[in-house]
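Report on the structure
Single-letter residue listing:
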Amino acid sequence: MIAPKPPVPAPKPVEPVVSPAAVTAPPVPVPLKPLSVKVPLTVKELAEKLSISPSEPIKRLLGMKILVTINQLLTEETVATLLKLYGYEYQRMPTLEEQIEASHDVEDRSKLIPRPPIVTFMGHVDHGKTSLLDAIRKSKVVETEAGGITQHIGAYQVTLPKGSISFLDTPGHEAFTAMRARGAHVTDIVVLVVAADDGVMPQTAEAIDHAKAADATIVVALNKIDKPSANPDRVKKQLAELGLQPEDWGGKTIVVPVSAKTGDGLDHLLEIILLEAELLELKADPTKPARGIVLEAELSKGRGAVAHMLVQNGTLQVGDVLVSGTYWGRVRAMLDERGHPRKQAGPSTPLEMMGLNGVPKAGDSFLVVPDERQGREVALRRQEEMQGAKTTPRRTITLEEFHRQLEAGRVKSLNLLLKADVQGSLEALRDSLEKLAGEEVGLKVLHAGVGDVTEPDVLLAEASNAVVIGFHVGLTQEAEALAKQEQVDVRLYRIIYEAVADIRAALEGLLEPRLVETVLGRAKVLQLFKVSKVGAIAGCQVIKGKITRSAIGRIIRGQEKLHQGKIESLKRFKDDVREVTEGMQCGLSISGFSDYQPEDVIEAVEVQSVAQKL
């Protein structure tokens with residue numbers, strides 16, 4: 001009998017050969033093409049740049065719940081998002097204004113020369129600011145100029161044997177701070193005028209706080225020293241209490257006794273100003289195109305827009321084209337403070353200028369541009385930006401905003417302005433708040449005063465990114481309107497602890513989170529295993545607490561900490577586990593380490609980020 005043949009096995013299906021790279025490699029992304037775009041630009045301009053219909057980006061933005069019109073200016077972020085949808089990578093093209101400003105910012109140190117200091121007088125309303133300015137003007141200007149001053153341009157310059165000084169004739173510290181709030185940093189030295197018979201008054205204290213907030217050098221002019229009731233020592237004591245320690249009392253503040261009435265001490269005051277200017281090393285480059293600041297401006301019948309300006313750098317010449325605010329024009333004529341025509345004006349020179357096509361605001365900067373076409377383009381772009389700014393919310397200065405500013409790394413200190421009903425309450429509030437500050441987070445009280453929150457308070461808060469805290473006080477109608485317009489955070493309290501609690505919460509938001517380590521457990525290494533494809537595994541026994549897979553492993557040999565890394569694997573026998581408790585054995589590996597030895601100790605550490613409390 002013939003044995004049957006064994007059945008022939010069916011052939012195995014042939015598996016397609018696929019390289020590992022083909023399995024794991026992600027699809028190759030199409031590279032974005034770089035596209036330079038000048039921002040801000042309108043939807044229409046962007047559509048023209050992409051050669052598409054304007055309705056397409058409008059629909060795309062509508063899908064993102066952003067409603068725009070064809071002529072609306074787009075932000076940088078929106079432009080970048082849209083371009084990505086069309087396969088382009090946004091590359092920011094500097095605007096014409098930025099290119100011009102960049103050319104102004106280029107500095108050749110070999111061409112820098114000392115410039116006259118720019119000085120502002122501040123002080124209480126009746127302490128003689130105007131009388132002192134007039135006395136200096138008459139003694140130093142009129143003696144060489146018959147007929148005196150014919151032009152009031154908000155500033156004048158005096159020339160002395162040792163140098164020149166430019167004086168700004170501002171109405172008070174409110175105007176000074178209003179200009180600073182608009183970004184106009186003009187003054188180098190503040191002369192604080194204090195009457196020797198009257199002493200420090202509330203407005204004097206306000207002026208000191210405004211000057212300090214602007215980081216200006218302060219020189220004290222002790223006026224009315226000729227009066228029988230003058231008491232210089234009492235005034236110096238009051239100044240010392242406000243942080244202005246007189247030089248003859250061991251401090252750094254120079255106090256100069258003067259009399260606007262008799263002229264005594266004026267020459268010494270001017271010498272001190274020049275000496276302070278020398279220490280500040282004020283310099284400018286007269287060879288550059290001019291830039292500076294508008295002090296005030298008005299529309300004059302027959303002359304058009306007249307701007308009273310101060311050149312800060314470079315030299316302004318008749319025929320130059322300049323832009324100021326949202327206006328532009330060619331310099332038709334310039335006059336000095338005596339009404340004399342000038343063909344050019346160098347650094348720190350005050351002047352009156354005609355030629356702009358509109359009236360700029362006090363505090364607007366001016367900038368010389370190469371030609372009329374560029375001047376018109378910069379002015380029109382600023383007008384468009386101003387229109388766009390009306391529809392976008394302003395940056396607000398609130399306690400909550402500090403949390404966001406911290407994340408952006410822009411802030412490490414909280415500025416406050418305090419007002420209370422009486423001096424005792426004010427001191428209690430200030431003491432309670434200042435105790436909250438520490439090494440890592442600062443708290444700066446820019447001004448503290450008695451009475452309702454007023455317009456100057458809001459102005460100072462706006463210029464200094466401060467929050468206004470009022471205790472048992474009201475808010476004047478004018479201050480309320482200004483705070484609403486400029487979106488300054490004004491908080492009024494009836495209970496001191498509520499104010500302290502709010503400020504503590506803001507400051508705690510500013511503190512860097514603290515990293516807290518907790519040792520979960522310890523294990524002793526008994527044996528070392530080598531496992532293919534895994535590497536070195538430490539066979540351990542948990543001697544205290546527990547070892548978890550989510551923890552950080554720290555290897556200790558004797559007294560030395562050898563290494564720290566994440567626990568990559570944790571096993572009981574052959575099974576992966578989340579944790580192993582005291583008395584049990586396990587195998588574990590730590591990233592970046594393989595040199596385990598018996599008797600090594602492995603600590604399992606949990607690291608937590610904890611918000612700091614004050």
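Residues numbered from 1 in each chain as written. Predicted model: local features only at pLDDT ≥ 70, side-chain atom pairs only at ≥ 80, totals over all residues. Heavy atoms only, no water.

Another aspect to go through is the overall build of the chain. Counting its secondary structure elements, the chain contains 16 helices and 32 strands. Within the chain, the proportion of its 614 residues that are buried is 45%. For the chain, the share of sequence-separated contacts (at least 6 apart) that also reach a separation of at least 24 residues comes to 72%. Approximately 33000 Å² of the chain is accessible, and the part contributed by carbon and sulfur atoms is 53%. (Helix = DSSP H or I, 4+ residues; strand = E, 2+ residues; numbered from the N terminus. Buried < 20%, exposed > 50% of the residue type's maximum accessible area, 1.4 Å probe, protein only. Contact = heavy atoms within 4.5 Å. Areas by Shrake-Rupley, 256 points an atom, 1.4 Å probe, with all protein chains shown as cover.)

Read across the open sheet, the 4 strands follow the order E22-E21-E23-E24; overall the sheet is parallel. Only two strands of the sheet have a single neighbouring strand rather than two, namely strand E22 (442–450) and strand E24 (490–493). Within this sheet the neighbouring strands show an average axis-to-axis angle of 25°, counted without direction. Relative to E22, strand E21 (residues 413–420) runs parallel, the two being bridged by 8 bridges. Looking at the pairing, Ala420 lines up with Val450 of E22. (Pairing = 2+ DSSP bridges. Axes fitted to C-alpha atoms, helices over the stretch in contact; angles between N-to-C directions.)

Here the structure, examined in full by the defined rule, presents 3 aromatic pairs. The interplanar angle of 75° and the centroid separation of 5.2 Å between the aromatic rings of Phe593 and Tyr596 together place this pair among those described as edge-to-face. Accessibility classification places Phe593 together with Tyr596 in one group, the buried group. Taken together, the aromatic side chains of Phe121, Tyr156 and Phe167 make up a single cluster linked through ring pairs. Here Arg60 stacks its cationic end above the ring of Tyr86, 4.8 Å away from the centre of that ring. (Phe/Tyr/Trp six-rings, centres within 6.5 Å; stacked < 30°, edge-to-face > 60°. Lys NZ or Arg CZ within 6 Å of the ring centre and 35° of its normal.)

With the rule as written, the count across this model stands at 22 salt bridges. Between Lys227 and Asp197 there is a salt bridge; the shortest N-O distance is 3.4 Å. A residue pair is termed long-range when its members are at least 10 positions apart, and Lys227 in the loop between strand E10 (217–223) and helix H9 (232–241) and Asp197 in the loop between strand E9 (189–195) and helix H8 (202–213) qualify at 30 residues. Judged by its relative accessible area of 37%, Lys227 falls in the partly exposed class. Of the charged contacts in the structure, one is a salt bridge between Glu372 and Arg330, with a shortest N-O distance of 3.2 Å. Pair noted here: Glu372 is in helix H11 (residues 372–391) and Arg330 is in strand E17 (residues 327–335), with a separation of 42 residues, a long-range link. Exposure remark for Glu372: the relative accessible area of 31% places this residue in the partly exposed category. Using a relative accessible area of 38% as the deciding quantity, one classes Arg330 as partly exposed. Taken together, the salt bridges that share partners define one network made up of Glu517, Arg522, Arg554 and Glu603. (Salt bridge = Lys/Arg side-chain N within 4 Å of Asp/Glu carboxyl O.)

Right, let's talk about a nonpolar patch on the surface for a bit. On the surface, Met64, Ile66 and Leu85 cluster together into a nonpolar patch covering about 230 Å² of accessible area. As for its placement among the helices and strands, Ile66 is situated in the loop between helix H3 (55–63) and strand E3 (73–74). (Patch = residues over 30% accessible without salt bridge, like charges linked within 9 Å, V, L, I, M, F, W, Y side chains within 5 Å.)

Moving on, we get to unusual backbone geometry. Although it is not a glycine, Ser348 sits at a positive phi angle of roughly 65°. Even without being glycine, Phe573 reaches a positive phi, approximately 60°. The topology assignment puts Phe573 in the loop between strand E28 (560–572) and strand E29 (575–576). In this structure Phe573 comes out as exposed when scored by relative accessible area, which is 73%.

Okay, the pairing of E24 next. With burial as the criterion, only one face of E24 is covered, namely that bearing Arg491 and Tyr493; the residues Val490 and Leu492 on the opposite face remain uncovered. Read as a crossover between parallel neighbours, the route from strand E23 (residues 466–471) over helix H15 (residues 477–486) to E24 is right-handed. (Right-handed = clockwise from strand over helix to strand, strands pointing away.)

With that out of the way, let us pick up the environment of Asn313. You can see Asn313 is positioned in strand E14 (residues 304–313). Here the alpha-carbon distance between Asn313 and Pro347, two residues 34 residues apart in the chain, equals 4.8 Å. Beyond its immediate sequence surroundings of up to four residues, Asn313 is in contact with Ala284, Asp285, Lys288, Pro289, Ala290 and Arg291. In this structure the side chain of Asn313 is engaged in a polar contact, spanning 2.8 Å, whose partner is the backbone nitrogen of Asp285. (Polar contact = N/O pair within 3.5 Å; in protein donor to acceptor, adjacent residues only side chain to side chain.)

What follows is about the confidence of the model for the chain. Here the chain shows a mean pLDDT of 82. Residues at 70 or above account for 84%. At the low end of the mean pLDDT range in the chain sits helix H1 (residues 20–24), at 39; at the high end sits strand E15 (residues 316–317), at 95. For the stretch residues 12–28, pLDDT sits under 50, and the model shows 1 contact to residues farther than four places along the chain or on other chains. Segment residues 142–151: pLDDT under 50, and 17 contacts once partners within four positions in sequence are set aside and those in other chains are kept. (pLDDT = per-residue confidence, 0-100.)

Secondary-structure assignment places Leu460 in helix H14 (residues 455–464). Overall, the relative accessible area of 1% leaves Leu460 in the buried class. Counting along the chain gives 13 residues from Leu460 to His447, while the straight-line C-alpha distance between them is 8.7 Å.

Turning our attention to the sheet that holds strand E8 (residues 163–168). The strand order E7-E8-E6-E9-E10-E11 describes an open sheet built from 6 strands, whose pairing is mixed. On the outer flanks of this sheet lie strand E7 (155–160) and strand E11 (255–257), each paired with one strand and no other. Pairwise comparison of adjacent strand axes, ignoring direction, gives a mean angle of 30° for this sheet. This element, H8, spans strand E6 (118–123), E9 and E10 of the sheet and lies at about 170° to E9. Where H9 meets the sheet, its contacts fall on E9, E10 and E11, and the angle it forms with E9 comes to roughly 130°.

For helix H10 (residues 266–280), spanning 15 residues, the distance from its first C-alpha to its last is 21 Å, which sits close to the expected 21 Å at 1.5 Å a residue. Along H10, the positions that sit buried rather than exposed are Leu266, Leu269, Leu270, Ile272, Ile273, Leu274, Glu276 and Ala277. Where H10 ends, the next residue or the one after it, Glu281, has phi of about 50°, a positive value. (Expected span 1.5 Å × (residues − 1).)

Let's shift gears to the environment of Phe366. Along the polypeptide, Phe366 turns up in strand E20 (residues 365–369). Sequence separation between Phe366 and Val311 is 55 residues, and the spatial gap between their C-alpha atoms is 8.7 Å. Look past the residues within four positions of Phe366 in its chain and what remains in contact with it is Ala290, Arg291, Gly292, Ile293, Met309, Leu310, Val311, Leu316, Leu322, Val323 and Ser324.

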